[in-house]
Amino acid sequence: QVQLVESGGGLVQPGGSLRLSCAASGRLFNINAMLWSMSWYRQDPGKQRELVAEITVEGVTKYAESVKGRFTISRDNAKTTVYLQMNSLKPEDTAIYLCKVRRTVPPVLEYWGQGTQVTVSS
């Protein structure tokens, strides 16, 4: 099993910044963290869950068009924690942000965190 613990959400004014963290642990993950890609999704009630940013095992990053230039995804040296630096936040960024890890070699497995609420409002 893999456990994901997210933190860093909260209430921020438009134009502000937040940094989300997601720490992965568990025997299956710790055997080789380099086998797992890590990503952030977000979901607003009544809307479909959408990919916000992803970082592959090679360190390649991908972003949703709506956050390009404002959000940055990164991973620590141990490859067990993923961060999402969110700048110039807008009200439409308000959502629950969820961390996901995906094992990229067989068996392909996915695990999700519980989510952390981000609210952008004045």
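Criteria and thresholds
- Residues numbered from 1 in each chain as written.
- Predicted model: local features only at pLDDT ≥ 70, side-chain atom pairs only at ≥ 80, totals over all residues.
- Heavy atoms only, no water.
- Salt bridge = Lys/Arg side-chain N within 4 Å of Asp/Glu carboxyl O.
- Helix = DSSP H or I, 4+ residues; strand = E, 2+ residues; numbered from the N terminus.
- Buried < 20%, exposed > 50% of the residue type's maximum accessible area, 1.4 Å probe, protein only.
- Lys, Arg positive; Asp, Glu negative; His and termini not counted.
- Polar contact = N/O pair within 3.5 Å; in protein donor to acceptor, adjacent residues only side chain to side chain.
- Contact = heavy atoms within 4.5 Å.
- Disulfide = S-S within 2.5 Å.

## Some words on the pattern of salt bridges
Throughout the structure, instances matching the rule amount to eight salt bridges. Between Arg 70 and Asp 93 there is a salt bridge, with the nearest N and O atoms lying 2.8 Å from each other. Linking Arg 70 in the loop between β6 (61-63) and β7 (71-75) with Asp 93 in the loop between β8 (81-86) and β9 (95-103), this pair joins segments that are 23 residues apart in sequence. For the pair Arg 70 and Asp 93, a shared accessibility class is recorded, and that class is buried. A salt bridge links Glu 110 to Arg 102; the shortest N-O distance between them is 3.6 Å. Judged by relative accessible area, Arg 102 falls into the partly exposed class, the value being 32%. What emerges from the salt-bridge pattern is a single network uniting Arg 42, Glu 50, Arg 70 and Asp 93.

## Some details on the side chain of Asp 76
Among the secondary structure elements, Asp 76 is positioned in the loop between β7 and β8. Look at Asp 76: it is buried, it has no salt bridge, and the nearest opposite charge is Arg 75 at 5.7 Å. In terms of polar contacts, Asp 76 uses its side chain to reach the backbone amide nitrogen of Thr 80, at 2.9 Å. If near-sequence neighbours (up to four positions away) are discounted, Asp 76 is found in contact with Thr 81 and Tyr 83.

## Here we look at the state of the cysteines
Scanning the entire structure with this criterion turns up one disulfide. A sulfur-sulfur separation of 2.2 Å characterises the disulfide bridge that pairs Cys 22 with Cys 99. Between Cys 22 and Cys 99 the disulfide shows an S-S torsion of about -80°. By sign, it is left-handed. Separated by 77 residues along the polypeptide, Cys 22 in strand β3 (residues 18-25) and Cys 99 in strand β9 bring together distant segments of the chain.

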